[in-house]
There are 4 protein chains.
Amino acid sequence: MYFAHEVLDHGFIRVIDYMGDDGAITQAARVSYGKGTRSVQNDAGLIRYLMRHQHTTPFEMCEVKFHVKLPIFVARQWIRHRTANVNEYSARYSILDREFYVPAPEQLAAQSRSNNQGRGTPLQGEEAARVLEILKTDSARAYDHYEEMLDDRGGKTGLSRELARMNLPASVYTQWYWKTDLHNLLHFVHLRGDSHAQYEIRAFADVMGKILADWVPITYAAFEDYRKHAVLLSGPALDCIRRMLAGEVVTQDESGMSKREWREFQAILKA
Amino acid sequence: MYFAHEVLDHGFIRVIDYMGDDGAITQAARVSYGKGTRSVQNDAGLIRYLMRHQHTTPFEMCEVKFHVKLPIFVARQWIRHRTANVNEYSARYSILDREFYVPAPEQLAAQSRSNNQGRGTPLQGEEAARVLEILKTDSARAYDHYEEMLDDRGGKTGLSRELARMNLPASVYTQWYWKTDLHNLLHFVHLRGDSHAQYEIRAFADVMGKILADWVPITYAAFEDYRKHAVLLSGPALDCIRRMLAGEVVTQDESGMSKREWREFQAILKA
Amino acid sequence: MYFAHEVLDHGFIRVIDYMGDDGAITQAARVSYGKGTRSVQNDAGLIRYLMRHQHTTPFEMCEVKFHVKLPIFVARQWIRHRTANVNEYSARYSILDREFYVPAPEQLAAQSRSNNQGRGTPLQGEEAARVLEILKTDSARAYDHYEEMLDDRGGKTGLSRELARMNLPASVYTQWYWKTDLHNLLHFVHLRGDSHAQYEIRAFADVMGKILADWVPITYAAFEDYRKHAVLLSGPALDCIRRMLAGEVVTQDESGMSKREWREFQAILKA
Amino acid sequence: MYFAHEVLDHGFIRVIDYMGDDGAITQAARVSYGKGTRSVQNDAGLIRYLMRHQHTTPFEMCEVKFHVKLPIFVARQWIRHRTANVNEYSARYSILDREFYVPAPEQLAAQSRSNNQGRGTPLQGEEAARVLEILKTDSARAYDHYEEMLDDRGGKTGLSRELARMNLPASVYTQWYWKTDLHNLLHFVHLRGDSHAQYEIRAFADVMGKILADWVPITYAAFEDYRKHAVLLSGPALDCIRRMLAGEVVTQDESGMSKREWREFQAILKA
C-alpha cells in the first residue's frame, strides 16, 4: 500500500500511514449497537448492514493519510471536501517545480452539447494540435517568467515568491498531505469517481478505489453495492415501479415526474 | 500506552490505536513550509516554533482513538468538542451496567461563593453523609426500577430499553470510542484540564496529558510552555506591562481596564 | 414562524431567527452553475434538480436558529449532529426546573421483539400503571433530593450545582439555542423523523418538518419526494427490478441478496 | 452594510445577508450561563468577558453571508478556513471574465531576506517595469488563448470549459458566496489580517474588519483588545516578566528561551 501510484502525467498518490481496517469498523459497531449486532453473524454481514442502512459512524473509526501530487485546478475541487486535514506545499515559502499537466490526446475533449458540465468527443487534427501547442508553450513561458521574476542575482532584487506564483497557470502541479477518515473518503470516492466528475480528479478517485479494495476489502465491496452502483429512487419513481410491476403501463404524463426526471428514470431502468 | 488508565471510581481511558508521532508533525511542516523550515535546525525547535506561532495544521496529521468509560454528565460536556468521531454504547439496544459515579468525600464540594461555576470547600459531617446517602440509595433504587421496568418474564411485557433508560441518573456510566486528531486533542486537554473545568472531566483530561507526554513528548512539552502555562495578554494589559517595565506605577484607573480585568491582570502577574 | 410549537409534555421549539429562503438557494446555485442553470426555467425546477442530484451546497446558504426545550436523553441523541452551533442552559451555573418527561400511555411501549432498536405494542393495565408510578415518583423524589442537596440555609453548606445535577434522571428537561444550515437541518429531519428513530426525538423532527414547509415550501416539497419518500436501491436490487420488469420471476436465491436484504427489498416493493 | 466594498483592482466584498448582532450574543450567553451572567451588568461587559475568557459559542449565534470577488491565489488561501459554506462560480459551466490582478507598484515587493514568508521593499525602475509587463502581457495572452481554445465557430469544435480554464494564471478573478458564523469570521480576520498574512488577502480581511465594526461594534472592540492587539505569552516569558517587574535584570541565557524566542519576546515588550 505504501508505494506511489502514478496518476495523470506527473501526479501520484501514496499512502503515508493508516489506522484501523475492516475489523475496527465492526469493533466500533459492536460497542454502539451491542446486542443489536448479535443477529448479524459475521463481520461481512455486519459491515454490509451498516453500509446499507447508512450507519456511518463506525466507518469514521478508520483514518488514512496520503501524500498526493496534483494539478492546482484539481486541488481546487478536492479541497471542497472540508472534513479532512491538509498540509500543502506552500509557494509563499518555496519554489514550485517546472511541472504542468498536459492532457493526453484522447482527453482533449470538446465541450459537451447535451451536458453543460461534461465533455464531448476529443478534438481532432489541427485544432487538437493547436490546443496542445498553446498549453505547452504557455506553461513553458510562464515558468521561464516565474524564474525571471524570482531572480535576485546580478543586481536584481527578485520578486517575492508569494507574488511570482500568481502568474503560473492552474495546470501547475502542487502537492500535499491529506488525511481523512474512511467515511469521508468513501464519500470523496463516490462523488469524484462519478461519471459526471471531471476526468482529471476521477483519475485520482479511481486510484483511491483500488487502495480501498486492498485496505478494507469488505467495506469496499459493500460500498460498490450500496453506494457506487446504487441509485436514489424518488417517491414518485418508486410508485411508478410498483405500478409497472403490477402490470400497468405508465407514461410520463401519469408518472408525476417532469420530462427531465422521466428521462433520468428511464435511463436508470435500462442502463 | 495500550493499557487502561483508571479514572474516577469506575471509569477508564485506554488507547486503542494511534497514527503518527512527533516525527509526523515535522514531516508535514517541512512539506508545507519547505525552505522556511531550514533555518529551524532540529525537530524540537520546529515543533516549538509551530506551537508558539499557532501553525496548527501539522498537529492535525496525528490521530488517536480511545476507549473511554465515563459518567453521562461528563459525556455531555465532552461531546461538545465537535471535531471528533464517536461511537457510544447505545442504551436503545443494550442494557447499561449497574455502575454510578459517587464522589470521594474530598470531592463533595460546596457551591463556590466567589465563582458561579466552581466548587468551594468540601461538605463536612452530617451534611456530607446525607449527600452520599442520597446519591447511593437513589442510584441503587433507580437501577432496581430500571431492571423491574425492563423485566419481561412471568407474563410481563417489559418496557423498551430506549424508555427505561431515561429514569437513570446522569451519574450512570456509559462508554464510547472517541477518535480525534492531535490538534483537537490538545485543545480538549487545554480546556478540560483547566482549573475552571469541572473536577470530574479534568480527571480524564489529566490522564490524557500523561498519555500525550508518552506518545508525543516534544509536542507535549511545547504545549505546556505555549498553551497550558501561557496567558493571553490583552492590548491594554500589554501596554501596562510596558509602562511598568519603564518604571511607571500604573493604577487600575489609568490602566484602561475594568476592575474585574485589573483583578485578573494582577493575578497573572503574581501567580 | 416565531411562536413556540409545543412538543411532548413540557417541550417546545421556537424559531428565533433565520436567514435566506427558497430564493437564496437558487441565487447561490445560479452563481455556482452559471449557464448550466439556464436550461432549468424556474426556481422550483432548479431546486428539485439540486435536491435530486444531491448538489447540497446551495442549501447551506440558508441558516436558522431555534430555541428548544427537550429532555436530556433526547438532547443526547440530538447533539450527535455535529455541524451546528449550540448554547445550552448550564446546570453548573443555574438550577434546573422541576420538569420531567413522562410518556403518554400510548407511548409506554414494550421492547420490540423483531427490532432491537424499536418499540412494540404499548404496555397495558397494571404493568403500565406501575411503570408510570415509578417514573413519576422517582423523578419527584430526585428533584426533592436535588433541592435538599443544594440547600445552603440554616447552617448548611449546600452541594455545588455541578455535582447535585448528576442525581437527576435523563428525563429532566433542559433547553438550548441550536443553529444550523438548511442542508444539515434537512439531514436531521430525515434521520430523526424516520420511523426507526425514537418517538421522542421524532416528535421534534416532525415539528421541524412543519416549520420547514412554511419557511422553504419548494425545498421541503422536493425533500419529501427525493429524500423522505425516496429509497436507496443497491446495485443488486436495481438489477433485480430490471429483470422483473423484463418479465423474469426472480427469487431470493437468484437475486444475489442475503435473506435479510431480500426481505427489506420485498418490503420496499410492496409498501 | 449591503453595498459592495472595493478590494484590490477588480475585487469586492458585499454583505448579502446576516443574522443576529451584539444582542444575540448576550441573549445566548445568558441562556448558557444563567445566574453566572448576573454579576456582569451590561451587554458590553458581558461580551468583553466572553471574549477575554474565550467562551466562543455565543459568538457562533451570529451568521453572515458575503458575495466576494477575488483572485484565485487568494481564494486558495481563503478556502483553508473549513468552517464555512461556499458556492463558487464554476468555470466548468461558465466562462470566466477577462479580469486579472495586477499589483499596484508599491505592492510589487521583493522576497524578504529576514522572513521566508513575507515581503521586502518594493522593486524599482526597470525591474519593476519588467515584472509588470510580464504580468500584463502573460495574462492578456492567456485570456486570448482561453477564448481561442473555447471557440466553436467556423468548423471548430471548441475545447471543454473545464480544460480550457487550466491555462489561466492564478491571478484571474473568481467569485463566490461565502457564509460563516461570527466566531469563525473573527478567527479569519485575526489570521488573515495579521501582518504576516499575504497583503492581498489582508486587503479583504481589513474590509471585513470595517464591516464588523459596523455590524457588531461591541464585539469588534472586544476583539481588538483581546485578540488583535493581544499576545500569547508563554510560561517562560511570563516568568521573565514577573522577575523583571521584581527588579531583576534577565538575560536570554537565564530566560529559559531560545535565541529566536528571546528576540520575539523583546519585540513584544518594545513594540
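It should be noted that the structure appears before, not after, this text.
Fair warning: this is a prediction, and the values are worked out from it, not measured in the lab.

K.L.:
I tried to follow helix H2 (residues 43-52) of chain B on my own but got confused; where do I start?
P.N.:
One turn of the α-helix equals 3.6 residues, which is why residues spaced by three or four share an orientation. Among the ten residues of H2 of chain B, seven are classified as buried, and the element is accordingly described as predominantly covered. Listing the buried residues of H2 of chain B in full gives Leu46, Ile47, Arg48, Tyr49, Leu50, Met51 and Arg52 of chain B. Tucked inside the fold, the buried residues of H2 of chain B contact helix H1 (22-33), helix H6 (182-192) and helix H8 (217-228) of chain B together with helix H10 (259-270) of chain D. Just downstream of H2 of chain B lies Gln54 of chain B, where phi reads positive at about 55 degrees.

K.L.:
Teacher, can you tell me more about the relation of the copies chain A and chain D here?
P.N.:
Look at the two chain copies: a rotation about an axis and a shift along it is all it takes to match them. Laying chain A over chain D is done by rotating through 180 degrees and shifting 0.0 Å along the axis; what remains is an RMSD of 0.0 Å. Such a turn and shift between the copies fits a two-fold axis. Nearest to the rotation axis, the C-alpha of Pro169 of chain A is located 1.9 Å from it, this being the minimum over chain A. When the interface residues of chain A are mapped onto chain D, 100% of them are again interface residues, pointing to one common binding face.

K.L.:
Is there a simple way to explain the side chain of Arg227 of chain A in this structure?
P.N.:
Along the chain, Arg227 of chain A falls in helix H8 (residues 217-228). No salt bridge is formed by the buried Arg227 of chain A; its nearest oppositely charged neighbour, Asp225 of chain A, is found at 11 Å. Leaving out residues up to four positions away in the same chain, Arg227 of chain A has contacts with Met51, Gln54, His190 and Ala222 of chain A together with Leu232 of chain C.

K.L.:
So what exactly am I meant to see when it comes to the interface of chain C and chain B here?
P.N.:
How big an interface is tends to be reported as the loss of accessible area on association of its parts. Contact with chain C, which involves 60 residues of that partner, is made by 60 residues of chain B. Taking both sides of the interface into account, the surface hidden between chain C and chain B amounts to around 5,400 Å²; carbon and sulfur atoms contribute 49%. When the buried surface of chain C facing chain B is broken down by residue, Arg76, Arg92 and Met166 of chain C rank first, second and third, together holding 14% of it. The interface formed by chain C and chain B holds six salt bridges in total. Ionic pairing is found between Glu148 of chain C and Arg130 of chain B, a salt bridge with its closest N-O pair at 2.6 Å. The tally of links from chain C across to chain B stands at 36 residue pairs in polar contact (both at pLDDT 80 or more). Every element with two or more residues in the side of chain C that touches chain B is listed here: helix H3 (72-78), strand S4 (85-88), strand S5 (109-111), helix H4 (125-150), helix H5 (161-164) and helix H7 (199-215) of chain C.

K.L.:
Would you mind going over the interface of chain A and chain D with me for this structure?
P.N.:
Counting residues at the interface gives 60 residues for chain A and 60 residues for chain D. Both sides together, the interface formed by chain A and chain D hides about 5,400 Å², and carbon and sulfur atoms give 48% of it. Linking chain A with chain D are six salt bridges, by the criterion used here. For the pair chain A and chain D, the number of links is 36 residue pairs in polar contact (both at pLDDT 80 or more). Within the residue set of the side of chain A that touches chain D, elements represented by two or more residues are helix H3 (72-78), strand S4 (85-88), strand S5 (109-111), helix H4 (125-150), helix H5 (161-164) and helix H7 (199-215) of chain A. Here the side of chain A that touches chain D takes eleven residues from H4 of chain A, the largest share from any one element.

K.L.:
Would you take a moment to explain the packing of aromatic side chains for this structure?
P.N.:
Any two aromatic rings considered together are summarised by their centre-to-centre distance and by the angle between their planes. All names here are of chain A. Following the criterion strictly, the structure yields 52 aromatic pairs over all chains and no others. Summarising the aromatic geometry, the rings of Phe100 and Tyr143 are spaced 6.2 Å apart at their centres and angled 80 degrees between planes, so their arrangement reads as edge-to-face. Here Tyr143 lies in helix H4 and Phe100 lies in the loop between S4 and S5, a separation of 43 residues in the sequence. Relative accessible area serves as the criterion here: at 6%, Tyr143 is assigned to the buried category. By the ring-pair criterion, three or more aromatic residues cluster together here, those being Phe66, Trp78, Trp176, Trp178, Phe188 and Phe204.

K.L.:
Is there a simple way to explain the relation of the copies chain C and chain B in this structure?
P.N.:
Structural alignment of chain C on chain B gives an RMSD of 0.1 Å, achieved by rotating through 180 degrees and translating 0.0 Å along the axis. Most of the interface of chain C is mirrored in chain B, where 100% of its interface residues again form contacts.

Parameters at a glance
Residues numbered from 1 in each chain as written. Chains lettered and ligands numbered in written order. Predicted model: local features only at pLDDT ≥ 70, side-chain atom pairs only at ≥ 80, totals over all residues. Heavy atoms only, no water. Buried < 20%, exposed > 50% of the residue type's maximum accessible area, 1.4 Å probe, protein only. Helix = DSSP H or I, 4+ residues; strand = E, 2+ residues; numbered from the N terminus. Contact = heavy atoms within 4.5 Å. Least-squares fit on C-alpha atoms with pLDDT ≥ 70 in both. Lys, Arg positive; Asp, Glu negative; His and termini not counted. Salt bridge = Lys/Arg side-chain N within 4 Å of Asp/Glu carboxyl O. Buried area = accessible area lost by both parts, 1.4 Å probe. Polar contact = N/O pair within 3.5 Å; in protein donor to acceptor, adjacent residues only side chain to side chain. Phe/Tyr/Trp six-rings, centres within 6.5 Å; stacked < 30°, edge-to-face > 60°.

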